[in-house]
Amino acid sequence: MEMGRVMIMAEAAGINIEKMKRDTMKISVASGKGGTGKTTISVNLALSMDNAMLIDCDVEEPNCHLFFKEPMERVREIGIPIPRFDLEKCDRCGKCAEFCQYNAIAIIKNKLLFFEELCHGCGGCKIICPNDAVSETEHVLGIIEKGGMEEMELYHGLLKIGEPFGVPIIKAVKELASPDKNIIFDSPPGTACPAVEAMSDSDFVILVTEPTPFGLHDLKLAVDVVRNIGTPFGVVINRAGIGDNRVEIFCEEDGIPLLATIPNDLDIAKLYSKGIPIVEGIPEFKQEFIKIYDKIKEIVKTQGVE
Amino acid sequence: MKIAMTSKGKDLESEVDTRFGRCVYFIIVDPDTMEFEAVSNESANASGGAGPQAAQAISKKGVEVLITGNVGPNAYQALEAAGIRVLTGSNGIIKDMIQKFKNGELEEANSANVGSHAGMGGRR
């Protein structure tokens, strides 16, 4: 059958064509709990794979760059459009305030109040205004920077201090993902909007956890979120040996693939503290990360057939 | 005169809710006649901007004085625009606070007395 027809049939069957066309993968590395080792997994996995690109989506505190010698270079600023009100044209009808889901606009006693930090930049007030009194101006939220190495580029977003809202920067930095490369997205911790944004549109999510009660508790929250997103996922237990085996029991009972177990090891900790990737300091470890990638490929392939 | 009080319940025996934007009810009362109505606070569960929204709501009700526990910066700005007098630091029973108000014992706030998100139960 010719390729064009295959594509049309696949599309009709609800199969993601964009994903079929490429043989590269987009993998998000996430966790419910912070400090479990997302960055360690992200950096080492990216360095162990062929043709990889690393995107640090933890815009409040990006730290993948700490493992590379080259300084980060500024790429561009990222902002959201925020409204500017022409008070001559505005008749204080209040339609914009009523529309705004984030309560960023208030009309009180014929005065218009705008709370800039509450605005999500949706542009709804401009559309809804019957008097054409709203124009838009850019509000800078942060920047995107580039670094890494020649054979593996790293991009990260950096939220400005005092800005409460990083999702637009995460969206912007994700757009830099090259379709010809295997992409690792290092996600922010937690299960709120920034983490969800960093996990969305990926082919696979790696949930990194530690074998402690806190690790297990937050892993369960993250599992609920990933199941809602509907992306295949697996678990990596980091610092194995510090707690108990309840994470393993949970994964087994819940049918969640355990991709790897990384021991709580002094040599690994020493490398980390010096900003040296494990696979650089202990080259044999590269095999472990290649195994993780192979397992992911296998899972994505079998789930794609179902 | 109408005063609004942030309340956990619907009558004058209720406890003051010390949060403004996220209080459960507003008790709107005329201190001279003690006639009152309880209005549930539509902004209590807003994702953000609860303070300014609550200020708009009580302004529409014609309130001139607010008696509450704490007021954040956005809420204060909105209350100021509405020309509503803000008396903070209240806790205890609604009825007792009205008496204190009549005796002139409540303190007037000239600015926000807590930071943003103070009424969000430990979440920041």
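Fair warning: this is a prediction, and the values are worked out from it, not measured in the lab. (Residues numbered from 1 in each chain as written. Chains lettered and ligands numbered in written order. Predicted model: local features only at pLDDT ≥ 70, side-chain atom pairs only at ≥ 80, totals over all residues. Heavy atoms only, no water.)

K.L.:
Just checking my understanding: could you explain the packing of aromatic side chains for this structure?
P.N.:
Two numbers describe a pair of aromatic rings. These are the distance of the centres and the angle of the planes. Residues and elements named next belong to chain A. Across all of its chains, the model carries 4 aromatic pairs over all chains by this definition. Plain terms: the ring middles of Phe85 and Phe114 are 5.7 Å apart, the flat faces sit at 65° to each other, and that makes the pair edge-to-face. Placement of Phe85 in strand E3 (residues 73–85) and of Phe114 in strand E5 (residues 111–114) is noted, with a sequence separation of 29 residues between them. Given a relative accessible area of 18%, Phe85 falls into the buried group. With relative accessibility at 22%, the residue Phe114 sits in the partly exposed group. (Phe/Tyr/Trp six-rings, centres within 6.5 Å; stacked < 30°, edge-to-face > 60°. Helix = DSSP H or I, 4+ residues; strand = E, 2+ residues; numbered from the N terminus. Buried < 20%, exposed > 50% of the residue type's maximum accessible area, 1.4 Å probe, protein only.)

K.L.:
Please explain the sheet that holds strand E11 (residues 258–263) of chain A as it appears in this structure.
P.N.:
Sheet strands pair by backbone hydrogen bonding; their relative direction is either parallel or antiparallel. Residues and elements named next belong to chain A. Taking strand neighbours across the sheet as the criterion, the 9 strands line up as E3-E6-E7-E2-E8-E1-E9-E10-E11 in an open arrangement whose pairing is mixed. Looking at the sheet topology across the chains shown, the edges are occupied by E3 and E11. Strand-to-strand twist across the sheet, computed as the mean angle between neighbouring axes with direction ignored, equals 20°. Relative to strand E8 (residues 182–186), strand E1 (residues 26–30) runs parallel, the two sharing 4 bridges. Bridge assignment links Ser28 to a residue of E8, and that residue is Phe185. (Pairing = 2+ DSSP bridges. Axes fitted to C-alpha atoms, helices over the stretch in contact; angles between N-to-C directions.)

K.L.:
Before we go on, may I ask you to explain the pairing of strand E2 (residues 25–30) of chain B in this structure?
P.N.:
Regular strands place side chains that alternate from one sheet face to the opposite one. Residues and elements named next belong to chain B. Counting buried residues in E2 gives 5 out of 6 residues, a clear majority hidden from the surface. In this sheet, E2 lies alongside strand E1 (residues 3–7) in antiparallel orientation, the contact comprising 5 bridges. When the bridges of E2 are listed, Ile3 appears paired with Val29. Relative to strand E3 (residues 35–40), E2 runs antiparallel, the two sharing 6 bridges. When the bridges of E3 are listed, Tyr25 appears paired with Ser40. The hairpin formed by E2 and E3 contains 4 residues between the paired strands, and Met34 there has a positive phi angle of roughly 65°.

K.L.:
Hey, could you run me through the sheet that holds strand E5 (residues 85–88) of chain B in this one?
P.N.:
Residues and elements named next belong to chain B. Within the open sheet, the 6 strands sit side by side as E3-E2-E1-E4-E5-E6. Their pairing is mixed. A single partner strand is all that each edge strand has here, and the edge strands are E3 and strand E6 (107–108). With 3 bridges connecting them, strand E4 (residues 65–67) and E5 associate as parallel partners. By the bridge assignment, Leu66 is partnered in E5 with Val86. The strands that helix H3 (residues 94–102) touches are E1, E2, E4 and E5; relative to E1, the one it contacts most, it runs at about 145°. (Contact = heavy atoms within 4.5 Å.)

K.L.:
Help me out: how do you make sense of the pairing of E5(B) in this one?
P.N.:
Residue and element names in this part refer to chain B. For the crossover from E4 across helix H2 (residues 73–82) to E5, the handedness is right-handed. Where E5 and E6 come together, 2 bridges link them in antiparallel fashion. Paired with Thr88 across the bridge in E6 is Glu107. (Right-handed = clockwise from strand over helix to strand, strands pointing away.)

K.L.:
Please clarify how the packing of helix H1 (residues 50–60) of chain B against H2(B) should be interpreted in this entry.
P.N.:
Residues and elements named next belong to chain B. Close contact between H1 and H2 brings their axes to 7 Å; oriented N to C, the two are set at 25°. Taken as axis vectors, H1 and H2 run roughly parallel relative to one another. H1 and H2 meet at a crossing whose hand is right-handed. Within the contact between the two elements, H1 uses Gly51, Pro52, Ala55, Ile58 and Ser59 and H2 uses Asn74, Ala75, Ala78, Leu79 and Ala82. Residues of the contact of H1 with H2, tallied by class, amount to 7 nonpolar, 3 polar and no charged. (Parallel < 35°, antiparallel > 145°, perpendicular 65-115°, else oblique. Left-handed = near helix turned anticlockwise from the far one by under 90°. Nonpolar A, V, L, I, M, F, W, Y, C, P; charged D, E, K, R; others polar.)

K.L.:
Can you help me understand empty space enclosed by the protein in this one?
P.N.:
One way to see where empty space is left: roll a probe the size of a water molecule over the atoms. All names here are of chain A. Scanning all chains against the criterion turns up 2 cavities of 30 Å³ or more. Taken as a whole, the largest cavity holds about 80 Å³ of empty space. Lining the largest cavity are 13 residues; nearest its centre among them are Cys90, Cys93, Cys96, Leu112 and Cys129. Along the lines of polarity and charge, the residues of the lining of the largest cavity split into 9 nonpolar, 2 polar and 2 charged. Quantified by volume, the second largest cavity comes out at close to 40 Å³. (1 Å grid on protein atoms, 1.4 Å probe; cavity = no way out; pocket = protein on both sides within 12 Å on 5 of 7 lines; lining within 4 Å. Points joined across faces, edges and corners; volume = space filled by probe spheres on them.)

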